[in-house]
Amino acid sequence: MRWLAFLLILLASGCRPKSDSQRGGIPRNLCQYSKLLTIWRVEDGYAIEIQNPEHPKARFKFLLKKSFKRIAALSATHVGMMAALKQEHLLCAIPDKRYLHAPKVKKLLAKGSIIDLQSEQQLSVKKLLAKQTQALIYSGFGPEKAQIKRLSTLGITCIPNFEWRETHPLARAEWILLFGALTGQFEKAQLHFRKVCQNYMRIRKQPKLCNTNPNVISGYIYGDQWIAPAGNSFESKLYADVEFAYYFNERPGTGSCFSSIPSILTKSASVSIWLNPGQSSRSALLAQYPKYKYFPFFEKRIFCYTHNTNFYWEWAAVRPDWVLSDLSNIRDNPTADLHFYKELKL
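Residues numbered from 1 in each chain as written. Predicted model: local features only at pLDDT ≥ 70, side-chain atom pairs only at ≥ 80, totals over all residues. Heavy atoms only, no water.

Break down unusual backbone geometry for me, citing the residues and quoting the values.
Peptide bonds are mostly trans, and most non-glycine residues show a negative phi. The backbone of Glu 243 shows a phi angle near 60 degrees, a positive value even though the residue is not glycine. With respect to the helices and strands, Glu 243 occurs in the loop between α9 (234–241) and β14 (245–246). Exposure remark for Glu 243: the relative accessible area of 37% places this residue in the partly exposed category. Phi at Asn 276 is positive, roughly 55 degrees, even though this residue is not glycine. (Helix = DSSP H or I, 4+ residues; strand = E, 2+ residues; numbered from the N terminus. Buried < 20%, exposed > 50% of the residue type's maximum accessible area, 1.4 Å probe, protein only.)

Which residues make up the sheet that holds strand β15 (residues 256–260), and what values go with them?
On the basis of which strands lie adjacent, the open sheet formed by 3 strands has the order β12-β13-β15 and antiparallel pairing. Bordering the open sheet on either side are β12 (220–222) and β15, each of which pairs with just one other strand. The average angle at which neighbouring strand axes cross in this sheet is 45 degrees, direction not considered. By the bridge criterion, 3 bridges tie β12 to strand β13 (residues 225–229) in an arrangement that is antiparallel. Paired with Ile 221 across the two strands is Trp 226, which belongs to β13. (Pairing = 2+ DSSP bridges. Axes fitted to C-alpha atoms, helices over the stretch in contact; angles between N-to-C directions.)

Please set out the nonpolar core residue by residue, giving values where relevant.
The biggest cluster of nonpolar side chains holds 90 residues, and the ones touching the most others in it are Ile 48, Trp 226, Leu 275, Leu 327, Phe 340 and Tyr 341. Listed in part, the 15 residues of the second largest apolar core include Leu 74, Leu 117, Tyr 138 and Ile 156. (Core = buried A, V, L, I, M, F, W, Y, C linked by side-chain atoms within 4.5 Å.)

Go over the sheet that holds strand β3 (residues 37–42), please, and point to the residues and values.
Taken in spatial order, the 3 strands line up as β3-β4-β5 in an open sheet, and their pairing is antiparallel. Each having just a single partner strand, β3 and β5 (55–64) make up the two edges of the open sheet. Direction aside, the axes of adjacent strands within the sheet are offset by 15 degrees on average. Sitting on the sheet, helix α7 (residues 176–183) touches β3, β4 (45–52) and β5, and the angle it makes with β4 is about 140 degrees. (Contact = heavy atoms within 4.5 Å.)

Explain helix α2 (residues 76–84) to me, and be specific about the residues and the numbers.
Each turn of an α-helix holds 3.6 residues, which means side chains three or four residues apart point in the same direction. Burial of α2 is extensive: 9 of the 9 residues sit out of reach of the surface. Where α2 begins, one side-chain oxygen reaches toward the backbone nitrogen of Thr 77, 3.2 Å away; that side chain belongs to Ser 75. Of the residues trailing α2, Lys 86 is marked for its positive phi of about 60 degrees. (Polar contact = N/O pair within 3.5 Å; in protein donor to acceptor, adjacent residues only side chain to side chain.)

Before we move on, can you summarise the pattern of salt bridges with the specific residues and values?
Counted according to the given criterion, the structure contains 9 salt bridges. A salt bridge links Glu 187 to Arg 41, with the nearest nitrogen and oxygen atoms 3.3 Å apart. Taken together, the residues span a long stretch of sequence, with Glu 187 in helix α8 (residues 186–205) and Arg 41 in strand β3 at a distance of 146 residues. Using a relative accessible area of 45% as the deciding quantity, one classes Glu 187 as partly exposed. (Salt bridge = Lys/Arg side-chain N within 4 Å of Asp/Glu carboxyl O.)

Give a description of α9 that names residues and reports values.
Restricting attention to buried positions, one finds in α9 the residues Phe 234, Ser 236, Leu 238, Tyr 239 and Asp 241. Buried residues in α9 make contact with α6 (169–173), α8, β11 (215–218), β14, β16 (273–275) and α13 (320–332). Backbone geometry just downstream of α9 places Glu 243 in the positive-phi region, at approximately 60 degrees.

Before we move on, can you summarise the environment of Gly 219 with the specific residues and values?
For Gly 219, the position within the fold is in the loop between β11 and β12. Given a relative accessible area of 3%, Gly 219 falls into the buried group. Between the C-alpha atoms of Gly 219 and Cys 92, which are 127 residues apart in sequence, the distance is 35 Å. Excluding anything up to four places from it in sequence, Gly 219 contacts Trp 226, Ile 227, Ala 228, Trp 274, Leu 275, Asn 276 and Pro 277.

Please set out the pairing of strand β9 (residues 135–138) residue by residue, giving values where relevant.
Here β9 shows two buried faces, one formed by Ala 135 and Ile 137 and the other by Leu 136 and Tyr 138. In this structure, strand β6 (residues 71–73) lies alongside β9, joined through 3 bridges in parallel fashion. Across the sheet, the residue bridging to Ala 73 is Ile 137, located in β9. Looking at chain direction, β9 and strand β10 (residues 157–160) are connected through 4 bridges and run parallel. For Leu 136, the partnering residue across the bridge sits in β10 and is Cys 158.

Please set out the packing of α7 against α8 residue by residue, giving values where relevant.
At a minimum axis distance of 7 Å, the contact between α7 and α8 shows a crossing angle of 160 degrees. With respect to their mutual orientation, α7 and α8 come out roughly antiparallel. Helix-helix and strand crossings are classified by hand; for α7 and α8 the assignment is right-handed. Here Ile 176, Leu 177, Gly 180 and Ala 181 of α7 lie close against α8, whose contacting residues are Phe 186, Ala 189, Gln 190, His 192 and Phe 193. Tallied by class, residues from the contact of α7 with α8 come to 6 nonpolar, 3 polar and no charged. (Parallel < 35°, antiparallel > 145°, perpendicular 65-115°, else oblique. Left-handed = near helix turned anticlockwise from the far one by under 90°. Nonpolar A, V, L, I, M, F, W, Y, C, P; charged D, E, K, R; others polar.)

So what's going on with the side chain of Thr 38? Which residues, and what values?
Considering the arrangement of structural elements, one finds Thr 38 in strand β3. Judged by relative accessible area, which is 17%, Thr 38 ranks as buried. When sequence neighbours within four positions are dropped, the list of residues in contact with Thr 38 reads Asn 29, Cys 31, Ala 47, Ile 48 and Glu 49.

Lay out the confidence of the model for the protein with the relevant residues and their values.
Taken as a whole, the protein shows an average pLDDT of 91; of its residues, 90% reach a score of 70 or greater. Ignoring residues within four places in sequence, the model shows residues 8–21, a span with pLDDT below 50, making 25 contacts including any to other chains. (pLDDT = per-residue confidence, 0-100.)

Okay, here's the thing in structure tokens:
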């Protein structure tokens, strides 16, 4: 196996796994849910392997012997994970201040301690070098391959983050362990993740007050089609864990699925909740697409996070228990305070 060969190389180089991380002589993967991230504890640090979901045989592997003090984060999700660990002061670059929520990062940006790269597709090598960047975390979905290769040759450790391709909400949240290792806060990251897991499972198992599972639709019109999370996506898993009857549950795929507008109009009469329409009010929805008023569920309950989008994108991945709590309350306790969501008014 390729990962075992990687570990044998580490062992041969003197990086011996700690005894509490071994199982039958083989180092234990410290990640439980993720299908794309593997972390082993070794004597002088961590051995990390990240699988590219598009190219399973392509694996990013490195041995982390020393934590980083200057980190560039190219996604709002990365900023949220740094904030969850209270390690914002280690950031030296962010993707775009327009999509920033973290108050501490805003202050550091105003002081000049952090630079705004403005776009992941147009990385400024000069700016990153000027900030003495040691590590750069990128999402792996943009045309940044050539730039990443150049930065790597200049001594910057470039690390792909594929949490957005995970299919389980807890698998996405588990990527905080990577950030814990990179910042020297691994035990803190483990405690955080354990808390999230416990809260998530508590919410999932709590009795449902509504006897029937509400019929729920998610998504919005994009071009001439309806776009929504597919049936094997992490969003669909969240809906299943609060026992929503999700409209697209049977649609294959781990990303988005597309449907014709007529099919939504004619087959959604039983929908009682509309989630994530991409707008913060019903009037904004009508301004975007006036024919929304003809959809059977337009007059039903509608919820979205767009009143505070930046907060959602920074924290939803690292706190799926908060998302699940919101969905549970939308189902059974609509007057409860919500973390991310808000009901759309006119």
